Amino acid sequence: MKVEGTVKSVKDQVKEWKKEGLSIGFVPTMGYLHEGHASLIKAAREGNDRVVVSIFVNPMQFGPTEDLASYPRDLAKDSALCESLGVDMIFHPEPEEMYHENFSSYVDMSVLTEELCGLSRPVHFRGVCTVVNKLFNIVQPDRAYFGQKDAQQLAIIKHMVEDLNMNVEIIGCPIIREADGLAKSSRNTYLSAEERKAALILSKSINLGRKMVEDGETDTGVITKAMTDLINTEPLAKIDYVKAVDGITIRPVAKVKKPMLVAIAVYIGKTRLIDNFMI
């Protein structure tokens, strides 16, 4: 397995693979890999001749008061996991490699970025779309793999690829959870023992909302209120949002429809966690 830090070295290797007619699967990450990332890598390994994983904590997608400096990093552990899963190359650039001194080109999206995480993190998706666009240009993958936990991000990336006629297939993979239901996240490491227990309120509310839909409830206001009331029973939880939106346009919906995304963002202490379910 190669670990490369420059755009040129990755492009050179990709060019050789392309000459050989090999397909490339790509998993973009910010590192501190867990079982959720591993599931994406496994899917890429099964569906492609070569697998590239990027490990880059992208400064452009963090707001000025967010956790860029403290975001967990462990390249040695990440590399060991990648190698054990058959990754062919890790791309681990420094910020200066991705954004040179005079960098001034960005990818902005409207509509899909105006709800959910886009409301409380206004610069986030501009940074995500810009870096993913750059990574796609560098790695030139046939397929790229994203987790359903970041459902709004997945919808936005799919829309961007369609709008800009990118030659890459976007594949969404299911949420991977801890044994007790908490969605896997690199930010789970921020939680104290008490907060880790309190964080289970997220998956409990997701299960409640899903069961209400399965039992025939069609009013999304009734569903999200029940989920909100449940989350509010946890003293350490502070709600950012609990919303039901169209699964493609990310616009609010009043009645249950397909596809529909019910998504939540909740602060447990100072840690912001997200979860969702799709219809």
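This one's a predicted model, so the numbers in the text were calculated from it and none came from an experiment. (Residues numbered from 1 in each chain as written. Predicted model: local features only at pLDDT ≥ 70, side-chain atom pairs only at ≥ 80, totals over all residues. Heavy atoms only, no water.)

**Looking at the pattern of salt bridges**
Counted only if it meets this: Between Lys or Arg on one side and Asp or Glu on the other, a salt bridge is scored when a side-chain nitrogen of the former is within 4 Å of a carboxyl oxygen of the latter. Elements are defined by DSSP. Helices are runs of H or I of four residues or more, strands are runs of E of two residues or more, and each kind is numbered from the N terminus.
For the structure shown, the criterion picks out 19 salt bridges. One salt bridge connects E35 with K184, and the closest N-O pair in it is separated by 2.9 Å. Of this pair, E35 sits in helix 2 (residues 35–47) while K184 is found in the loop between strand 6 (169–173) and helix 8 (193–198), placing the two residues 149 residues apart along the sequence. Across the salt bridge formed by R272 and D240, the nearest N and O atoms sit 3.0 Å from each other. Separated by 32 residues along the polypeptide, R272 in strand 9 (residues 271–278) and D240 in strand 7 (residues 237–246) bring together distant segments of the chain.

**Brief notes about the UniProt feature "binding site: (R)-pantoate" (unreviewed entry) in the protein chain**
To keep it simple, the criterion reads: UniProt positions are given in the numbering used here, feature names are shortened, and annotations may be inferred rather than shown by experiment. Each residue's exposure class comes from its accessible area (1.4 Å probe, protein chains only) as a fraction of the maximum for that residue type: buried when under 20%, exposed when over 50%, partly exposed otherwise. We call two residues in contact when some of their heavy atoms are within 4.5 Å.
Feature annotation in UniProt assigns "binding site: (R)-pantoate" (unreviewed entry) to the following positions: Q61 and Q153. Of the residues just listed, which span 93 residues, no C-alpha pair is farther apart than 11.8 Å, and they cluster in one region. Assessed through its relative accessible area of 9%, Q61 is described here as buried. In this view, Q61 contacts M30, E66, R121, V123, H124, G127, V128 and V131; residues no more than four positions away in its chain are not counted. Within the secondary structure layout, Q153 lies in helix 7 (residues 151–163). By relative accessible area, Q153 is classed as buried at 17%. Beyond its immediate sequence surroundings of up to four residues, Q153 is in contact with F125, V128 and F146.

**A short note on the domain arrangement of the protein chain**
Filter applied, for reference: Residue ranges for the domains originate in an automatic or database domain assignment. For any pair of parts, buried area is found by adding up, for both, the accessible area (1.4 Å probe) each one loses once the two are put together. Two N or O atoms count as a polar contact when they lie within 3.5 Å, although within protein this holds only if one can serve as hydrogen donor and the other as acceptor, and sequence-adjacent residues are included solely when both atoms are side-chain atoms. Note on residue classes: Ala, Val, Leu, Ile, Met, Phe, Trp, Tyr, Cys and Pro are nonpolar, Asp, Glu, Lys and Arg are charged, and everything else, Gly too, is polar.
Splitting the protein chain by domain gives domain 1 (1–171) and domain 2 (186–272). For domain 1 and domain 2, the distance between their C-alpha centroids amounts to 26 Å. On the domain 2 side, the residues contacting the 21 residues of domain 1 number 17 residues. A combined buried area of about 1,600 Å² lies between domain 1 and domain 2, and 55% of that area is made up of carbon and sulfur atoms. At the boundary of domain 1 with domain 2, the tally comes to 3 salt bridges. One salt bridge connects K243 with E115, and the closest N-O pair in it is separated by 2.7 Å. Applying the counting criterion to the domain 1 and domain 2 interface returns 9 residue pairs in polar contact (both at pLDDT 80 or more). Mapped by element, the contributors of at least two residues to the side of domain 1 that touches domain 2 are helix 5 (117–120) and helix 7. Across the side of domain 1 that touches domain 2, the residue classes break down as 11 nonpolar, 6 polar and 4 charged.

**Description of the nonpolar core**
Note on soluble globular proteins: their nonpolar side chains tend to be buried together. The condition that has to hold: Throughout this description, the term nonpolar core refers to a set of buried Ala, Val, Leu, Ile, Met, Phe, Trp, Tyr and Cys residues connected via side-chain atoms within 4.5 Å.
Ranked by size, the top nonpolar core spans 48 residues in total, and within it M98, V132, F136, F146, I157, M160 and I170 carry the most contacts. In terms of residue count, helix 6 (residues 124–139) provides more of this core than any other element does, 9 residues in total. In this structure, this core is formed jointly by two domains, domain 1 (1–171) and domain 2 (186–272), each of which donates at least three residues. Among residues more than four places away in sequence, those in contact with M160 are V107, M109, C129, V132, N133 and M166. With 24 residues, the next largest nonpolar core counts I231, I264, I268 and L273 among its residues.

**Structural notes on the packing of helix 9 (residues 200–214) against helix 10 (residues 220–231)**
Angle between the axes and distance between the axes: these two values describe a pair of packed helices. Going by this rule: As a rule, the C-alpha atoms of each element are fitted with a line to give its axis, helices using only the stretch in contact, and angles between N-to-C directions run from 0 to 180 degrees. Each angle gets one of four labels, with under 35 degrees taken as roughly parallel, over 145 as roughly antiparallel, 65 to 115 as roughly perpendicular, and the rest as oblique. The hand of a helix crossing depends on one turn: near helix anticlockwise from the far one by less than a right angle means left-handed, and clockwise means right-handed.
Where helix 9 contacts helix 10, the axes come no closer than 9 Å and their chain directions differ by 155°. In terms of orientation, helix 9 and helix 10 fall into the roughly antiparallel class. Considering the relative orientation of helix 9 and helix 10, their crossing is right-handed. Within the contact between the two elements, helix 9 uses I201, K204, S205, I206, L208, G209, M212 and V213 and helix 10 uses V222, I223, A226, M227, L230 and I231. Of the residues that constitute the contact of helix 9 with helix 10, the class distribution is 11 nonpolar, 2 polar and 1 charged.

**Overview of the sheet that holds strand 4 (residues 89–91)**
Formally: Strand pairing requires that DSSP identify at least two bridges connecting the strands.
What the 6 strands build is an open sheet, ordered 1-4-3-2-5-6; its pairing is parallel. On the outer flanks of this sheet lie strand 1 (2–4) and strand 6, each paired with one strand and no other. Shown here is a sheet whose adjacent strand axes are inclined to one another by a mean of 25°, direction ignored. The sheet contacts of helix 3 (residues 75–84) involve strand 1, strand 3 (50–55) and strand 4, and relative to strand 3 the element is tilted by about 165°.

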